[in-house]
Protein chains: 2
Amino acid sequence: MSIIVQKFGGTSVGSPSHIKRMASRVMEEKNRGNAVVVVVSAMGDTTDTLAKLASEITSQPKQREMDMLLSTGEQVTIALLAMALQERGAESISFTGGQAGIHTDSVHGNAKIKTIDGEPILRELDAGKIVVVAGFQGITEEGYISTLGRGGSDTTAAALAAQLEAERCDIYTDVDGVYTSDPRYIKKAAKISSLTYDDMLNLAAGGAGVLHPRSVKHAKKYGIPMVVRSSLTKERGTFINHSSQRSDRYPVIGIVFQGERTSITLSGLEGGSKVQSAIRAALETRNIECDFFKNHPESELTLLVQHNDVKESVELLSEGFKFPRFTTQGNLAKVAVIGSNIRTHPVIQGKAAKVLNAEHIEFKLIEDLPGSVTAAVPQHDMHLAAGLLHTAFGLDVPEMRKVVAVQ
Amino acid sequence: MSIIVQKFGGTSVGSPSHIKRMASRVMEEKNRGNAVVVVVSAMGDTTDTLAKLASEITSQPKQREMDMLLSTGEQVTIALLAMALQERGAESISFTGGQAGIHTDSVHGNAKIKTIDGEPILRELDAGKIVVVAGFQGITEEGYISTLGRGGSDTTAAALAAQLEAERCDIYTDVDGVYTSDPRYIKKAAKISSLTYDDMLNLAAGGAGVLHPRSVKHAKKYGIPMVVRSSLTKERGTFINHSSQRSDRYPVIGIVFQGERTSITLSGLEGGSKVQSAIRAALETRNIECDFFKNHPESELTLLVQHNDVKESVELLSEGFKFPRFTTQGNLAKVAVIGSNIRTHPVIQGKAAKVLNAEHIEFKLIEDLPGSVTAAVPQHDMHLAAGLLHTAFGLDVPEMRKVVAVQ
């Protein structure tokens, strides 16, 4: 008996009627003779509604209590999906993250999975049940509820698939696969039929929102094939594995972008650029990701973080490092040209710079990453820059994509 | 340091602004130098909203999944109250029922507390924190979330107070104390200033909704004084203890009533009325409470259960007992004259019958209970019968009750 992990998010968990449709999709997989584990997100705008309640109480909620609050969103969905499956005659049981044996560190609001005890799920699968697991959450050593932060439900699915040695991890979402860029904004973006883990990691690390890097890392480490596909259509989706059917003649596979970035420039920093790795490590203690600008002057360092992380980043930096002053600049975005072994193609960086310069888009290059050439641009130029790069690197589909019929 | 357990329900947890007001009430107690444990219910109509979601999925949800679903209601409140207390500068931590060490049996939807591990709460109290606990829920031996059924949050509060050897258990609710009858329907009902546990148990067993019998039993067993009071006013409330200041000249202390009852008459029952205790025991395995009619014919037995329990009761009866046929009658209600040692006053039953007969209200007496004389009446006569008995037993307040100013 093969184990398939399915993850449903987005509009597929938007309402009771969507949940019933999701149940059909789950039953199809079960009826193929597979053991099925389903990971779900919170319904529709539940998370926002809960966050709004908190904001009416306090502007600075403790993350432990936010996790207690927000984790109810997924808990509602798992109960309803288990009911929908039972209504269709399937044996099913719902598990919170903690009940599913998902143990995390204690970084509330952005926790990392430390270990998974697969026994509770395997026991129920052996009993013939479909196991429905709350995504995005786990339990800390203290027995407290934690949430995994951005992309959390994908990570739950991939980590469970790895732990359970699943045959496949299917990520059902609102789009029908992984695209060369976000098709909501870049109209000529094309669906990619197959990708390697590394290509997907590069895309995800660059900000392709369809999958979080953590989830791909879990899948890669344990060799679990992933499929990104639509919950609304029967389209094939994008297959992610160790090898890809993609031609490697051209190294660029996509253009990704992420807004809501702020740069923090530390002036007169003791140690200068040599402290980069120490800074990165300090921020990582709070699971804050940062990028560094290339080509900064001596004794100055500029890092790029998410808007939401600015306050905490400055606190951490002030505690651990000596610099007389700092400045911040908001309204920035990251735009990244993603590819395989892209550093072995030095021409990419020059070409990207030329394209942006030609349209007078201000940009600063981000330090080298093996899978991308990345620039910080003004937020208002983000989509323009991405579209220009998409065209320049030959990624545009020749004709308009076919409209996919919604079932 | 004394421990005070406070329970808030009803409109006091209706919205974020109500929760902020509740936080003030909690802080008052904390500022008196007490260690405070707060037990809360779900906000406003959350439980109904969640139940409605389930009803859109299935008409027969499994109780385990309903518990998974409904328990999120209290979980939202505890997170928000902990945040509100933190916003006011107090150290506070929220606990689900399971985190608070509340272990129950596995009767999902109507579970009973088996044991409480007080250690997690005591540890946080020792650290100076206000501990906020989700009422109405616990955890089963399997680690599943259970709910305690009706009156569950009061039971949580009383059981915690007992386990923690609290000085007092304050039940904050929408009414300012325990009344001689439900003041929403019986306008001449009077507030009772003090009651013994046994009187309160009799009132609660008869259906006085203000407190569930289970909660009073916990408090009595461990001698924890309870106070029922309003969350909206500073009124003294009703004090419940081993002794009362009430004059014992007259045994009747209140008239209580409960609607939505159905009678089940078993005809040709083998064993006749001798199987009563076996039937009661069979229903109790599913935590279903029943009453038996007095004065039934040989080889016939009529029991009274809640509407909601009829289907399950009939199933359990058919499995365990032999009877050729049964009939049911819905739209019934229980009306009870409650008092201390009321069986030693045989005159009570005669007087009650006379009052009901005089107004041509159909009734059947329920088998003797030590603390009440109870009759089944048609649902539509419930309030009329209660009002008549309230007057007849001298419970009416002489003048209109004072209107209590809402703060």
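Residues numbered from 1 in each chain as written. Chains lettered and ligands numbered in written order. Predicted model: local features only at pLDDT ≥ 70, side-chain atom pairs only at ≥ 80, totals over all residues. Heavy atoms only, no water.

Which entries qualify depends on this criterion: UniProt positions are given in the numbering used here, feature names are shortened, and annotations may be inferred rather than shown by experiment.
Going by an unreviewed UniProt entry, chain A carries the name Aspartokinase and comes from Rossellomorea oryzaecorticis. The annotation that UniProt attaches to chain A under Sequence similarities (unreviewed entry) is "Belongs to the aspartokinase family."

**Focus on the overall build of chain A**
Defined as follows: To qualify as a helix, a DSSP run of H or I must reach at least 4 residues; to qualify as a strand, a run of E must reach at least 2; elements of each kind are numbered from the N terminus. To get the radius of gyration, use the C-alpha atoms; to get the globule rule, take the number of residues to the power 0.38 and multiply by 2.2 Å. Exposure classes here rest on a 1.4 Å probe applied to the protein chains alone. A residue is buried below 20% of its type maximum, exposed above 50%, and partly exposed in between. Contacts between residues were defined by any pair of non-hydrogen atoms, one from each residue, lying within 4.5 Å. Accessibility throughout is a Shrake-Rupley quantity obtained with a 1.4 Å probe, and a residue counts as covered only by protein chains that appear here. When charges are counted, neither His nor the chain ends are considered; positive counts come from Lys and Arg and negative counts from Asp and Glu. Charge positions come from single atoms, namely NZ of Lys, CZ of Arg, CG of Asp or CD of Glu.
The helix and strand tally for chain A stands at 11 helices and 20 strands. Computed over its C-alpha atoms, the radius of gyration of chain A comes to 22 Å, within 12% of the 22 Å expected for a compact globule of 407 residues. On the principal axes, the C-alpha backbone points of chain A span a range of 65 × 50 × 35 Å. Across the 407 residues of chain A, 58% fall into the buried class. Across chain A, every contact between residues at least 6 apart in sequence was considered, and the portion connecting residues at least 24 apart equals 75%. Looking at chain A as shown, the accessible area adds up to about 17300 Å², and 50% of this sits on carbon and sulfur atoms. Between the centroid of the 44 positive side chains of chain A and the centroid of its 46 negative side chains there is a distance of 4 Å.

**A short note on the relation of the copies chain B and chain A**
Selection rule: To line up the copies, we fit them by least squares on C-alpha atoms, keeping just the residues with pLDDT of at least 70 in both.
With an axial shift of 0.0 Å and an RMSD of 0.0 Å, the rotation relating chain B to chain A amounts to 180 degrees. Those values place the two copies in the arrangement expected of a two-fold rotation axis. Minimal C-alpha distance to the rotation axis in chain B is attained by T72(B), lying at 2.7 Å. A shared binding surface is used by both copies, with 100% of the interface residues of chain B retained as interface residues in chain A.

**A word on the domain arrangement of chain A**
Residues and elements named next belong to chain A. Selection criterion: Segmentation of the chain into domains, including their bounds, is taken from an automatic or database domain assignment. Computed with a 1.4 Å rolling probe, the buried area is the accessible surface lost when two parts are put together, summed over both parts. Criterion for a salt bridge: a side-chain nitrogen of Lys or Arg within 4 Å of a carboxyl oxygen of Asp or Glu. Any pair of N or O atoms that falls within 3.5 Å is considered a polar contact. Within protein, one atom must be able to donate a hydrogen and the other to accept it, and sequence-neighbouring residues count only if both atoms are side-chain atoms.
Per the domain assignment, the segments of chain A are domain 1 (3-245) and domain 2 (253-392). On a C-alpha basis, the centres of domain 1 and domain 2 stand 29 Å from each other. Listed as interface residues are 25 residues of domain 1 and, on the opposing side, 20 residues of domain 2. Across the interface of domain 1 and domain 2, roughly 1800 Å² is buried in total on both sides, 51% from carbon and sulfur atoms. The interface formed by domain 1 and domain 2 includes zero salt bridges. Connecting domain 1 to domain 2 are five residue pairs in polar contact (both at pLDDT 80 or more).

**Brief notes about the packing of aromatic side chains**
Worth spelling out the cut-off: In this analysis, rings of Phe, Tyr and Trp, with Trp reduced to its six-membered ring, are considered paired at centre separations within 6.5 Å, and the interplanar angle assigns stacked below 30 degrees, edge-to-face beyond 60, and tilted for intermediate values. By the criterion adopted, a ring carries a charge over it if an Arg CZ or a Lys NZ lies within 6 Å of its centre and within 35 degrees of its normal.
This structure, assessed with the given rule, holds eight aromatic pairs over all chains. Considering the side-chain rings of Y144(A) and F95(B), the 6.4 Å spacing of their centres and the 40 degrees angle between planes classify their relative orientation as tilted. In this pair, Y144(A) is assigned in the loop between β7 (137-139) and β8 (145-147) and F95(B) in strand β3 (residues 92-95), connecting two distinct chains. On the basis of relative accessible area, Y144(A) is assigned to the buried category, the value being 11%. Ring centres of F8(B) and Y172(B) lie 4.6 Å apart, and the angle between their planes is 5 degrees; this geometry places the pair in the stacked category. Of this pair, F8(B) sits in strand β1 (residues 3-8) while Y172(B) sits in strand β9 (residues 168-173), placing them 164 residues apart in sequence. Taking the relative accessible area as the measure of exposure, F8(B) reaches 1% and is therefore buried. Geometry around F393(A) places K351(A) over its ring, the cationic atom sitting 5.0 Å from the centre. Lying across the ring of Y144(B), R64(B) places its NZ or CZ 4.0 Å from the centre.

**What about the side chain of N34(B)?**
Residues and elements named next belong to chain B. The topology assignment puts N34 in the loop between α1 (16-31) and β2 (35-40). Among the polar contacts listed, one links the side chain of N34 to the side chain of E29, at a separation of 3.0 Å. Excluding anything up to four places from it in sequence, N34 contacts M1, S2, I4 and E29.

**As for helix α11 (residues 382-392) of chain B**
Residues and elements named next belong to chain B. Worth spelling out the cut-off: The directions from the helix axis to the C-beta atoms form the arc being described.
Along α11, the residues that are buried comprise M382, A385, A386, L389 and H390. Taken end-on, α11 shows its buried residues confined to a sector of 135 degrees, consistent with a single buried face. Buried residues belonging to α11 abut β15 (252-267), β18 (325-339), α10 (347-358) and β20 (372-378). Among the residues trailing α11, G394 stands out with phi positive, at a value near 70 degrees.

**Quick look at the sheet that holds strand β18 (residues 325-339) of chain A**
Residues and elements named next belong to chain A. Applicable threshold: We treat two strands as partners when DSSP finds at least two bridges between them. With axes taken as lines fitted to C-alpha atoms, and helix axes fitted only over the stretch in contact, angles between N-to-C directions fall between 0 and 180 degrees.
Read from one edge to the other, the open sheet built from six strands follows the order β16-β17-β15-β18-β20-β19, with strand pairing classed as antiparallel. Strands with a single pairing partner mark the edges of an open sheet, and in this sheet they are β16 (291-292) and β19 (364-365). Bridging between β18 and strand β20 (residues 372-378) involves seven bridges; their strand directions are antiparallel. Across the sheet, L332 pairs through a bridge with P378, a residue of β20. On top of the sheet, helix α10 (residues 347-358) reaches β15 (252-267), β18, β19 and β20; it is set at about 20 degrees to β20, its chief contact. In this fold helix α11 (residues 382-392) packs onto β15, β18 and β20, with an angle of close to 140 degrees to the strand it touches most, β15.

**Considering the pairing of strand β13 (residues 226-230) of chain B**
All names here are of chain B. Here β13 lies mainly inside the structure; five of its five residues are buried. Here β13 shows no split at all, with M226, V228 and S230 on one side and V227 and R229 on the other all buried. Where β13 meets strand β14 (residues 238-241), three bridges bridge the pair, whose relative direction is antiparallel. Opposite M226, over in β14, you have I240 as the bridge partner.

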